[in-house]
Amino acid sequence: MRLIIRDNKQEVANWIADYVVYKINTVVPALKEHFVLGLPTGSSPIPIYQRLIELYKADKVSFQNVITFNMDEYIGIPENHPQSYHSFMWKHLFNHIDIPENNVNIPNGNAIDLEFECAEYEEKIKRAGGIDLFIAGIGSDGHIAFNEPGSSLSSRTRIKLLTYDTIVANSRFFDNDVNKVPKMAITIGIATIMDAKEVIVIVTGYNKAHALDKIVEQGVNHIWTASMLQLHPHCIIVCDEESTMELKVGTVKYFKDIEIEMGKLPMFSYKKNMTYPDIER
């Protein structure tokens with residue numbers, strides 16, 4: 001696991017977006033036809049999507065050869081509902097870039113057979129060649145996607161009953177009315193995320209500090225489901241200073257020192273005139 005610490009959430013967003021663009025521009029031409037990108041919703045990724053749009057408009061990247069898979073979707077609200085994740089993604093990203101509509105994959109929360117929809121979503125990912133890079137956020141309780149505390153660490157895409165804590169947290173998008181928040185969702189599983197070739201996790205704000213401590217400094221367990229990423233061979237957590245407040249001083253210094261020393265090595269240097277880090281760890 002690699003921990004990148006930036007001063008604020010905008011710098012976190014810029015680092016992640018620049019890395020995504022670097023990967024798209026490097027992997028697609030060099031290795032294969034398409035780059036497969038996993039995407040989250042929520043407030044944390046919005047600055048990342050804004051930066052990706054900026055880079056697209058500046059002709060730094062094209063999404064013509066990108067296939068996307070979103071992490072989750074509510075069950076029981078129309079796709080055109082303002083708070084559906086379909087609406088979220090088109091509003092905040094897809095309407096502003098050149099991605100082909102057929103390349104966009106989001107679970108159908110209104111499918112007649114929801115269990116079949118979950119199984120088929122897993123198959124779609126396999127047919128696309130797997131996820132090259134999954135971007136993920138975490139909740140203040142350490143959940144990732146809708147894999148909430150107590151979820152199986154070997155889970156796959158499935159129907160999930162949402163906890164009251166998640167419903168309350170998401171009520172801010174539903175006029176602060178918990179009764180308007182859907183009680184169920186389709187979510188990818190922990191094993192689905194772990195299958196991705198690379199995972200980048202966004203962690204910003206003091207309210208995520210306790211979760212970051214559990215995920216980085218504590219052991220793997222099913223209560224803090226994002227802790228499973230400790231076992232991923234290519235996981236990068238990008239966080240701001242506020243979110244590190246509960247980490248040990250030694251832990252923060254260790255990861256900052258690593259970044260400083262890696263930056264001194266020619267083999268890990270940034271490409272000229274680019275902010276995209278060409279490093280794996």
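Residues numbered from 1 in each chain as written. Predicted model: local features only at pLDDT ≥ 70, side-chain atom pairs only at ≥ 80, totals over all residues. Heavy atoms only, no water.

Caption draft 1: Region of the structure containing the nonpolar core. Counting 37 residues, the largest nonpolar core has Ile16, Leu52, Leu93 and Phe94 as its most contacted members. Listing elements by their share of this core, those giving two or more residues are α1 (9-31), β2 (35-39), α2 (46-57), α3 (85-92), β6 (133-137), β9 (199-203) and β10 (235-240). Considering every element that reaches this core, the biggest residue donor is α1, with 11 residues. Val36, Ile67, Met71 and Ile131 belong to the second-largest nonpolar core, a separate cluster that totals 36 residues. (Core = buried A, V, L, I, M, F, W, Y, C linked by side-chain atoms within 4.5 Å. Buried < 20%, exposed > 50% of the residue type's maximum accessible area, 1.4 Å probe, protein only. Helix = DSSP H or I, 4+ residues; strand = E, 2+ residues; numbered from the N terminus.)

Caption draft 2: The arrangement of the layout of surface pockets in detail. Estimates place the volume of the largest pocket at around 870 Å³. Every residue lining the largest pocket is counted, 39 residues in all, and those nearest its centre are Gly42, Ser43, Ile138, Arg172 and Lys208. When contributions to the lining of the largest pocket are tallied by element, the ones reaching two or more residues are α1, α2, β4 (72-74), α3 and α5 (164-170). Of the residues forming the lining of the largest pocket, the biggest block, four residues, is contributed by α5. Its residues assigned to classes, the lining of the largest pocket comprises 16 nonpolar, 15 polar and eight charged. Roughly 180 Å³ of internal volume is contained in the second largest pocket. In terms of lining residues, the second largest pocket is bounded by 11 residues, among which Lys23, Val27, Asp132, Lys197 and Glu198 are the most central. Counting residues per element, the lining of the second largest pocket draws most heavily on α1, which supplies three residues. Its residues placed into classes, the lining of the second largest pocket shows four nonpolar, one polar and six charged. (1 Å grid on protein atoms, 1.4 Å probe; cavity = no way out; pocket = protein on both sides within 12 Å on 5 of 7 lines; lining within 4 Å. Points joined across faces, edges and corners; volume = space filled by probe spheres on them. Nonpolar A, V, L, I, M, F, W, Y, C, P; charged D, E, K, R; others polar.)

Caption draft 3: View of helix α4 (residues 114-127). Here α4 contains 14 residues, and its C-alpha end-to-end distance of 20 Å stays within 8% of the 20 Å for a straight helix at 1.5 Å per residue. At its buried positions, α4 is contacted by β3 (66-70), β5 (104-105), β7 (158-161), β8 (184-187) and α6 (190-194). Sitting at the head of α4, aspartate 113 places a side-chain oxygen 3.3 Å from the backbone nitrogen of glutamate 115. Directly beyond the C-terminal end of α4, a positive phi value near 95 degrees is found at glycine 129. (Expected span 1.5 Å × (residues − 1). Contact = heavy atoms within 4.5 Å. Polar contact = N/O pair within 3.5 Å; in protein donor to acceptor, adjacent residues only side chain to side chain.)

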